[in-house]
Structure formats: structure tokens, C-alpha cells
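This is what each chain is made of:
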Amino acid sequence: MAALGESDRPLTEVLAIALERVAGLHPTCDLKNPGTPSATVAVLREGPERFDHLVLADSPIVIERADGFVTLTDLRVDEVCQDLRSETERYATGSTEHRAAVARLVAAQREIRNTPAGYWVAAAAPDAAAHALTGSVQRGEVRSAAVMSDGVSRLVTEYQTASWGDVFAQLYGEGPAAVIGSVRAVEATDPHGRRWPRYKAGDDAALAFCQRDFFG
């Protein structure tokens with residue numbers, strides 16, 4: 001947040017600074033371990049003339065414009081270990097077999113995480129920031145925007161039980177908590193992942209909604 005306050009600093013540099021600072025808070029930890037904690041990143045920064053955006057891994061930003069919705073995301077993780085990913089889809093979510101298959105997938109992903117052969121996420125090494133996907137949208141083109149984790153976006157992308165128009169209508173009318181409630185309600189109809197195979201019954205869900213009325 002501190003680095004974001006410098007509006008002329010590129011978002012990749014902002015993220016690199018943040019990763020370096022956080023890593024510096026853990027000098028006694030083995031930060032080169034493949035199991036080092038990591039996270040997806042989605043940043044939308046408002047400026048006088050434009051909105052800058054950055055996504056690293058699969059937490060998307062969805063922008064509402066006059067001509068529809070634009071989804072900004074990074075799905076490179078879906079391109080790796082596809083055979084192991086398919087294996088997880090054979091079993092009921094939460095079953096012993098499913099947990100074992102997920103463990104094999106996670107172990108394989110960790111070996112290629114933040115390498116040219118794999119995909120990129122925010123972890124201990126600041127150079128991962130250089131691999132984020134970035135861009136800008138002119139301020140006048142943006143009606144509203146939603147920044148979210150993939151635990152929310154799957155309502156549209158994975159479960160396909162709503163459109164982005166539906167999601168934004170609910171955001172305008174009821175707010176982010178209601179959208180997350182809709183995600184949980186859909187997941188409750190398929191607790192064992194038979195209709196929608198997935199790692200777990202429900203993933204972490206976070207959502208920030210930015211309306212044009214609140215822009216300075």
C-alpha cells in the first residue's frame with residue numbers, strides 16, 4: 001500500500017518492493033523451500049487519467065465499460081501439470097483419493113512454481129513481479145470494477161451459473177457479501193464436486209467493488 005501511493009511507480013516495481021519487504025521480515029525462514037507461502041495478486045490503481053492494473057496468477061479484475069465487461073486475469077497455472085489436474089477430477093471432493101491426487105498435483109506445481117517452465121505467483125522472490133500481466137484503461141471508459149479472488153469468479157467461469165452482468169447487478173443492488181453468498185449457495189448444491197470437480201468444496205472468496213460514483 002505504501003509503494004502504491006507513488007503513482008508514477010510501475011505496478012510491477014510496486015509488487016517487487018512489497019515482496020522484498022515481506023521476505024525481509026522473515027530472516028530465519030527457509031524462503032527457498034518450494035513450500036514457502038505464496039499468493040495470487042490483483043491490483044487496480046486509480047490515477048488522474050487512467051486505471052492501472054496488475055494480475056499475477058488467477059485472481060481476476062473485471063471492468064465494466066459501456067460496451068460490456070473486460071476480464072483481466074492470468075491463467076498460466078492452468079497450463080501446467082494438466083494430467084495431474086485431470087486426475088483430481090476423477091474423485092469426489094474431500095475423499096481420500098481426491099486428497100491424495102490434490103497432494104500430488106500441489107507437489108508437482110511447487111517444483112515448477114516461479115520458474116520459466118511453470119507459472120508465477122507472489123512468494124519470497126521479488127523477481128516474480130516482473131512476470132505479472134499489466135496494463136491500463138482510460139478513466140472515462142470505466143463505469144465500475146470488481147477485484148476478486150478466483151473463489152468468487154468461479155461463479156461465472158467454472159460454475160457458469162451467472163454472467164458478469166448478473167454479478168454486477170447484484171453488486172450494485174446488494175453488495176459484495178451477497179455475491180459471495182451466491183457462490184456459497186451454488187457450491188452447497190454440489191458438495192462433493194461431482195458437477196464441478198474442484199480442489200475443495202469452497203475456495204477463499206474476497207471481493208472489492210469500485211463504483212464510478214466513488215471515483216474522485
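The coordinates are above.
These notes cover the structure that comes with them. Values in this document were obtained by computation on a predicted structure and should not be read as measured data. (Residues numbered from 1 in each chain as written. Predicted model: local features only at pLDDT ≥ 70, side-chain atom pairs only at ≥ 80, totals over all residues. Heavy atoms only, no water.)

**Details of the overall build of the chain**
Scanning the chain from N- to C-terminus turns up 6 helices and 7 strands. If you list the helices and strands of the chain from N to C, you get α-β-β-β-β-α-α-β-β-α-α-α-β. By the compact-globule yardstick of 17 Å for 216 residues, the chain fits well, its C-alpha radius of gyration being 18 Å. On the principal axes, the C-alpha backbone points of the chain span a range of 50 × 45 × 25 Å. With 216 residues in all, the chain has 43% of them scored as buried. For the chain, the exposed surface amounts to about 11,500 Å²; the carbon and sulfur share of it is 53%. (Helix = DSSP H or I, 4+ residues; strand = E, 2+ residues; numbered from the N terminus. Rg over C-alpha atoms; globule rule 2.2 N^0.38 Å. Buried < 20%, exposed > 50% of the residue type's maximum accessible area, 1.4 Å probe, protein only. Areas by Shrake-Rupley, 256 points an atom, 1.4 Å probe, with all protein chains shown as cover.)

**Comments concerning the packing of aromatic side chains**
Scanning all chains against the criterion turns up 4 aromatic pairs. Geometrically, the ring pair formed by Phe-69 and Phe-168 is tilted, given 4.8 Å between the ring centres and 45 degrees between the ring planes. With Phe-69 in strand E4 (residues 68-72) and Phe-168 in helix H5 (residues 164-174), the pair connects residues that are 99 residues apart, well separated along the chain. Owing to a relative accessible area of 32%, Phe-69 belongs among the partly exposed residues under this scheme. Here Tyr-172 and Phe-209 contribute two aromatic rings whose centre-to-centre distance is 5.2 Å and whose plane-to-plane angle is 85 degrees, an arrangement assigned as edge-to-face. (Phe/Tyr/Trp six-rings, centres within 6.5 Å; stacked < 30°, edge-to-face > 60°.)

**Side note on the sheet that holds strand E1 (residues 41-46)**
The 3 strands are arranged E1-E2-E5 in an open sheet whose pairing can be described as antiparallel. Edge strands, defined here as strands with exactly one partner in the open sheet, are E1 and strand E5 (133-138). For this sheet, the mean angle separating the axes of adjacent strands, direction not counted, is 15 degrees. Where strand E2 (residues 50-56) meets E5, 6 bridges bridge the pair, whose relative direction is antiparallel. When the sheet's bridge partners are listed, Val-55 is paired in E5 with Leu-133. (Pairing = 2+ DSSP bridges. Axes fitted to C-alpha atoms, helices over the stretch in contact; angles between N-to-C directions.)

**What about the sheet that holds strand E7 (residues 207-211)?**
Spatial ordering of the open sheet is given by E4-E3-E6-E7, a layout of 4 strands whose pairing is antiparallel. In the strand order of this sheet, the two ends are held by E4 and E7, each with one partner. Between one strand and the next, the sheet's axes are offset by a mean angle of 15 degrees, whatever the strand orientation. Inspection of the sheet shows strand E6 (residues 144-148) paired to E7 by 5 bridges, in the antiparallel sense. The residue of E7 that forms the bridge with Ala-145 is Cys-210. In the packing of H5 onto the sheet, the strands contacted are strand E3 (61-65), E4, E6 and E7, and the crossing angle to E6 comes to about 100 degrees. (Contact = heavy atoms within 4.5 Å.)

**Description of the environment of Glu-87**
For Glu-87, the location among the structural elements is in helix H2 (residues 82-88). Residue Glu-87 is classed as buried on the basis of its relative accessible area, which comes to 14%. Each C-alpha atom of the pair Glu-87 and Glu-20 lies 36 Å from the other, and the pair is 67 residues apart in sequence. In contact with Glu-87, not counting residues within four places along its chain, are Ala-101 and Arg-104. A distance of 2.4 Å separates the side chain of Glu-87 from the side chain of Arg-104, its partner in a polar contact. (Polar contact = N/O pair within 3.5 Å; in protein donor to acceptor, adjacent residues only side chain to side chain.)

**Quick look at the nonpolar core**
Within the largest apolar cluster, 18 residues are counted, with the highest numbers of intra-cluster contacts made by Ala-146, Met-148, Trp-164, Val-167, Phe-168, Leu-171 and Leu-207. In this structure Phe-168 touches Val-62, Glu-64, Phe-69, Ser-144, Ala-145, Ala-146 and Phe-209, once residues within four positions along its chain are discounted. Counting 13 residues, the second largest nonpolar core, distinct from the first, contains Leu-19, Ala-122, Ala-128 and Ala-132. (Core = buried A, V, L, I, M, F, W, Y, C linked by side-chain atoms within 4.5 Å.)

**Some remarks on the pattern of salt bridges**
A complete count under the given rule lists 14 salt bridges for this structure. In this structure, Arg-9 engages Glu-13 in a salt bridge whose closest nitrogen and oxygen atoms are separated by 2.4 Å. A salt bridge links Asp-78 to Arg-85; the shortest N-O distance between them is 3.8 Å. With a relative accessible area of 33%, Asp-78 lands in the partly exposed category. Relative accessible area serves as the criterion here: at 18%, Arg-85 is assigned to the buried category. Here the salt bridges do not stand alone but share partners, grouping Asp-150, Arg-154, Lys-200 and Asp-203 into one network. (Salt bridge = Lys/Arg side-chain N within 4 Å of Asp/Glu carboxyl O.)

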